[in-house]
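Fold and contact review
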Amino acid sequence: MLEKLYNNIYYLGLKSGYMLRNFFRWFGKKIRVPLKAVGSVLLAALLMVGRALRKTFGYLFKELRDLISDIRRVFGTIVSLFKNDRQHAPAILKSYIAKAFRLHGVVFRFAVNTALPIAAFVVLCVTIHHYSSQTFALEITYNNAVIGCVTSESVFHDAQEQAAERLSAATQANASDNLSDVTATYTIKPVKLTEVTDASRLCSEILEHSNKKITNACGIYIDGEFLCAVKNETDATTVFDSILKNYETGNANEVVGFVEDISYVQGLYPDSADTIWDAQQLADKLNSKKSAAQYYTVEAGDTVSGIAQKVGLSTATLFAQNPGLTETIHIGQQLLISREVNYIQVQITRTETRTVSVPYETERVETSSLYSGTKRVKTKGVNGEQVVTELVTYVDGVRTSAKEVSRVTTKQPVTEVIQVGTKKAYSSGYSGSYSTTSYGGRFIWPAIGAYSISSGYGGSRRHGGIDIVKPGGHSTGALVVAAGSGTVTTAGYHSSYGYYVIINHGGGVSTLYAHMIRGSLKVSAGQRVSAGQAIGNIGSTGNVTGPHLHFEVRINGNRVNPRPYLGR
């Protein structure tokens, strides 16, 4: 089916190609004759135009040669006339020129008809170039005086608002209303680029022609808002620099500046005590507080998280703002919820480095040299170290942010390798094969099938270990295994312990297994044993009231509670 469809499509494509080819052949034959006719007409027209131009230019060049020949012929005569008969020479020259125009007028007409368009084009280019290089501006007449030229009317309005802001400190009324009453007129005129005035300069011109009492001073703006003006900029910068010096530490890696944008604008300002300040007034204002610190007094039933939610802070922020704060709080306690804010805030950005610990990884390796359920540290893990370089920002001495710049590893971490036992242990005729149990402590459980503790450590009996039995009794014969790898130091009989074994695990740590069945000891003194290796069976020898395993852990000879070492 598909093959038939493909064949039909192929046949249709071939047929369409043949039809298009035949159509273009037919169309070419039909249009060839008209095209030849049109081409012949155009060629004839071009030939006719060419002949006419050749004839015209031939005639023009002949007249030009004749004109040049006549000029050469009479040139010597005219020169002689100007030397010998200057009185009649101009009249004779005028007659020669008139005769030349009469005889060779076609040359002069061609020259005029050619030169005039060229001259007009040159004049047009010069005019366009001249006016395109001009800067057009609005000349502003304010209060009957020309105060400057601006590129747009909005520049004047900006300058008027700046002037009103400067005057507002010296007038009780709205200064902008007073200034807007004065009408400004605009005139368009071409000016040089250097003659264009910006809003700042225009502001001073408006103030100068506003009939107000003004003086030349340095205005101080904080985040774009006018604060005051001082007589000179040096007084202002000295006050600000003295504030910064209180925070400088001499560290070459720090940058000290203000959080706010401080700018100085030289110009005309109202000459009043409200506007013009001295250095001391400025210093007093800058050293004042924008807002005071706020505290919360703890009430009955309050919690730290509840207080944080009540005042709109996170619990972490509340702890950070109150060093030494704990979850235990008392009624009447004062908690800082917002710090005081200085009128201007000093920001310090410095480069700081700190060393951080890199946690080591843990690798577990199975080994048949250890009994199943036991583990041993083959390679102790060691944390690595990295030096972190940060760009830290402080605002008024309080750390606000830190951006990490680099992190260099100075000490590579050492992976901890832990061997995990896979070896199966076997009993000696009591319980067949067995698996040991670990509860996550240092030692595995020392009894197979017996997991209950009938008597704990300490108490009124001052018990030195724990007693291990099977749930529900029948503990006799249960297999006893080494809780950890080590060397057997004692394997024998004691009047109180009965048949018992002591294993030294190194580092001052040893374990004791007591009350085992007579003849069940499977190890001897000096023998090396692995964790989980069978060492005997639970019995009731020695000073006991029933069958159980008495298990002890000793540190440097002192008996301690075994349960933490067993993970229980």
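Residues numbered from 1 in each chain as written. Predicted model: local features only at pLDDT ≥ 70, side-chain atom pairs only at ≥ 80, totals over all residues. Heavy atoms only, no water.

Of the residues making up helix H8 (residues 279–286), those classed as buried are Leu282, Ala283 and Leu286. Buried residues of H8, seen end-on, are gathered within an arc of 100° and therefore sit on one face of the element. Buried residues along H8 sit in contact with strand E4 (214–222), strand E5 (225–230) and helix H7 (233–245). (Buried < 20%, exposed > 50% of the residue type's maximum accessible area, 1.4 Å probe, protein only. Helix = DSSP H or I, 4+ residues; strand = E, 2+ residues; numbered from the N terminus. Arc of directions from axis to C-beta. Contact = heavy atoms within 4.5 Å.)

So, on to the confidence of the model for the chain. Of all residues in the chain, 88% attain a pLDDT of 70 or more, and the chain-wide mean is 82. Averaged pLDDT values for the elements of the chain fall to 49 in helix H5 (residues 175–180) and rise to 96 in strand E25 (residues 509–516). Scored below 50 in pLDDT, residues 170–177 makes 7 contacts in the model with residues more than four places away or belonging to other chains. (pLDDT = per-residue confidence, 0-100.)

What follows deals with the sheet that holds strand E6 (residues 254–258). Reading across the sheet, the 4 strands line up as E6-E12-E15-E16 and stay open at both edges, with antiparallel pairing between neighbours. Taken across any chain shown, the strands that pair with only one partner, and hence form the sheet edges, are E6 and strand E16 (398–411). Between one strand axis and the next, the sheet turns through 25° on average, direction left out of account. Bridge analysis of strand E12 (residues 346–358) against strand E15 (residues 384–395) gives 12 bridges, and the strand direction is antiparallel. What sits directly across from Arg350, in E15, is Val392. Docked against the sheet, H7 engages E6 and E12, running at close to 135° with respect to E6. (Pairing = 2+ DSSP bridges. Axes fitted to C-alpha atoms, helices over the stretch in contact; angles between N-to-C directions.)

For the structure on display, the rule yields 10 salt bridges. In this structure, Glu254 engages Arg350 in a salt bridge whose closest nitrogen and oxygen atoms are separated by 3.0 Å. Taken together, the residues Glu254 in strand E6 and Arg350 in strand E12 connect sequence positions 96 residues apart. Take Glu254: its relative accessible area is 12%, and that puts it in the buried class. (Salt bridge = Lys/Arg side-chain N within 4 Å of Asp/Glu carboxyl O.)

This brings us to the nonpolar core. Among the nonpolar cores identified, the biggest contains 25 residues, and Ile468, Val501, Ile503, Tyr513, Ile535 and Phe551 are the most heavily contacted of them. Among residues more than four places away in sequence, those in contact with Ile535 are Val480, Val481, Ala482, Val501, Ile503, Tyr513, Met516, Ser520, Leu521, Lys522 and Val523. Counting 24 residues, the second-largest nonpolar core is a separate cluster that includes Cys218, Ile262, Tyr343 and Tyr394. (Core = buried A, V, L, I, M, F, W, Y, C linked by side-chain atoms within 4.5 Å.)

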